[in-house]
Amino acid sequence: MKKALMLLLCCLLLPIPCWGEGALTDAECFSYYQHAFFIGDSITRTFANYVYGQRQEDPAFLAGAKFFAVKNYALRSVGSRGLSSNGADLQWNGRAVSLYEIVELLRPERVLVLAGVNDYAGEHIEKSLTYVEKMAQNLGKASPDTQIIMISLTPVATKFCRKTNYQALWDDYNAALEEACARLGLGFLDLASYLKGEDGYLLPDYCGDGEYHLSRAGNAQWAQALLDYAQAAYAAGEWSPKE
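Reference entry: report on the structure contained in this document. Since the model is a prediction, treat every value here as computed from it, not as a measurement.

**Comments concerning the nonpolar core**
Argument step 1. One finds Y33, F38, F47, L62, L99, M135 and M150 to be the most contacted residues of the largest nonpolar core, which totals 76 residues.
Argument step 2. When near neighbours in sequence (up to four residues on either side) are disregarded, M150 contacts L75, V113, V132, M135, L177, C181, L186, G187, F188 and L189.

If you want it as structure tokens, here you go:
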């Protein structure tokens, strides 16, 4: 009996591994997005091209993630079950599809959306957020297990604000978007904070066109933001890399 008690005591004193402690490797963090869809406009398409280039050197770089990005894609399309009126639709298997349709068909684990520039979201915050809410409702019906993560708008270059302070408008939208995501149960990735200088604008080294599209260095920061997001999800016990 004493031996049994001693054995039980020794077992209780053994260190218990705590899920979510310690830093993951980049490959482990990127596996968070292995079955994820990235949705967006030309900003996301530029990031996709960066990722494809990185995969030539490192096949594990966001391995498995898929990109559906088209120029002029807008939040109003994200919130709709149908196709857009301007022809800026996602493409799959050679045909135009809505976000609702592609999620319903393929059921990804996660959908990450960066859109709003083509809706002038900073000038129409309330209306833009109604599209986000509609998207949450639609995708919740199409694929209830799919996690939705909204990505903030990027900062803008200082010269892009000569006539209108778009940076202040986009900051207001990003803050409202973060609040809406918390209310709707969506994830929020604050990409803008990785790209701003001390003046609050897009750092010149991260700017690829003098406006808001990102350079190679800027897209590298986007990748870092994704790594950090996955690491935070792991630390919070929300997710763990598959063995």
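Moving on, there is more to tell.
**What about the pairing of strand β6 (residues 147-151)?**
Each regular strand displays side chains that alternate between the two surfaces of the sheet.
Argument step 1. The element β6 is largely enclosed, with a buried count of four among its five residues.
Argument step 2. Direction of pairing for strand β5 (residues 110-114) relative to β6: parallel, over a ladder of four bridges. Across the sheet, residue L112 finds its bridge partner in β6, namely I149.
Argument step 3. For the crossover from β5 across helix α6 (residues 125-142) to β6, the handedness is right-handed.
Argument step 4. Looking at chain direction, β6 and strand β7 (residues 187-189) are connected through three bridges and run parallel.

**Describing the pattern of salt bridges**
Argument step 1. According to the stated counting rule, one finds six salt bridges in the structure shown.
Argument step 2. With its nearest N and O atoms 3.3 Å apart, the salt bridge here joins E109 to R110.
Argument step 3. The partly exposed category is assigned to E109, whose relative accessible area is 32%.
Argument step 4. By relative accessible area, R110 is classed as buried at 9%.
Argument step 5. A salt bridge links E133 to R183, with the nearest nitrogen and oxygen atoms 3.9 Å apart.

**Quick notes on the sheet that holds β5**
Argument step 1. Sheet architecture is open: five strands sit in the order β2-β1-β5-β6-β7, paired in parallel fashion. This sheet does not close on itself; its edge strands, each paired only once, are β2 (66-69) and β7. With direction set aside, neighbouring strand axes in the sheet form an average angle of 20°.
Argument step 2. Relative to β6, α6 is tilted by about 160°, and along the sheet it contacts β5 and β6.
Argument step 3. Along the sheet, helix α8 (residues 216-235) makes contact with β1 (36-40), β5, β6 and β7, crossing β7 at roughly 140°.

**Some words on helix α5 (residues 99-106)**
Argument step 1. Among all positions in α5, only L99, Y100, I102 and V103 are buried.
Argument step 2. Looking one or two residues beyond α5, the residue adopting positive phi is R107, at roughly 45°.

**Let's talk about the pairing of β5**
Argument step 1. Of all the five residues making up β5, five are buried; the element is thus mostly covered by neighbouring parts of the structure.
Argument step 2. Burial along β5 is two-sided: the residues R110, L112 and L114 and V111 and V113 are all buried.
Argument step 3. In terms of strand pairing, β1 meets β5 through five bridges, oriented parallel. Note that in β5 the partner of A36 across the bridge is R110.

**Details of the layout of surface pockets**
Argument step 1. Taken as a whole, the largest pocket spans an internal volume of roughly 170 Å³.
Argument step 2. Lining the largest pocket are V117, N118, Y120, A121, G122, E123, F160, Y166, W170, E211 and Y212.
Argument step 3. When the residues that make up the lining of the largest pocket are grouped by side-chain class, the tally is seven nonpolar, two polar and two charged.

**As for helix α7 (residues 166-184)**
Argument step 1. With 19 residues, α7 extends 26 Å from end C-alpha to end C-alpha; this agrees with the ideal 27 Å at 1.5 Å per step.
Argument step 2. Residues of α7 that are buried include every one of Q167, W170, Y173, N174, A176, L177, A180 and C181, and no others.
Argument step 3. Looking at the buried side of α7, the elements it contacts are α4 (75-78), α6, β6 and β7.
Argument step 4. Following α7 by one or two positions, G185 has its phi on the positive side, about 80°.

**A look at the packing of aromatic side chains**
Argument step 1. Tallying each qualifying case throughout the model produces 17 aromatic pairs.
Argument step 2. With 6.1 Å between their ring centres and 45° between their planes, Y33 and F38 make a pair best called tilted. Neither Y33 nor F38 differs from the other in exposure class; each is buried.
Argument step 3. Aromatic side chains Y52 and F67 sit 5.8 Å apart centroid to centroid with 85° between the ring planes, which places their arrangement in the edge-to-face category. Residue Y52 is found in helix α3 (residues 42-57), and its partner F67 is found in strand β2; the two are separated by 15 residues along the sequence.
Argument step 4. Note on Y52: relative accessible area 38%, which makes it partly exposed.
Argument step 5. On the basis of relative accessibility, which here comes to 12%, the residue F67 falls in the buried class.
Argument step 6. Here R110 stacks its cationic end above the ring of Y32, 3.6 Å away from the centre of that ring.

The rules behind the values
Residues numbered from 1 in each chain as written. Predicted model: local features only at pLDDT ≥ 70, side-chain atom pairs only at ≥ 80, totals over all residues. Heavy atoms only, no water. Core = buried A, V, L, I, M, F, W, Y, C linked by side-chain atoms within 4.5 Å. Buried < 20%, exposed > 50% of the residue type's maximum accessible area, 1.4 Å probe, protein only. Contact = heavy atoms within 4.5 Å. Helix = DSSP H or I, 4+ residues; strand = E, 2+ residues; numbered from the N terminus. Pairing = 2+ DSSP bridges. Right-handed = clockwise from strand over helix to strand, strands pointing away. Salt bridge = Lys/Arg side-chain N within 4 Å of Asp/Glu carboxyl O. Axes fitted to C-alpha atoms, helices over the stretch in contact; angles between N-to-C directions. 1 Å grid on protein atoms, 1.4 Å probe; cavity = no way out; pocket = protein on both sides within 12 Å on 5 of 7 lines; lining within 4 Å. Points joined across faces, edges and corners; volume = space filled by probe spheres on them. Nonpolar A, V, L, I, M, F, W, Y, C, P; charged D, E, K, R; others polar. Expected span 1.5 Å × (residues − 1). Phe/Tyr/Trp six-rings, centres within 6.5 Å; stacked < 30°, edge-to-face > 60°. Lys NZ or Arg CZ within 6 Å of the ring centre and 35° of its normal.

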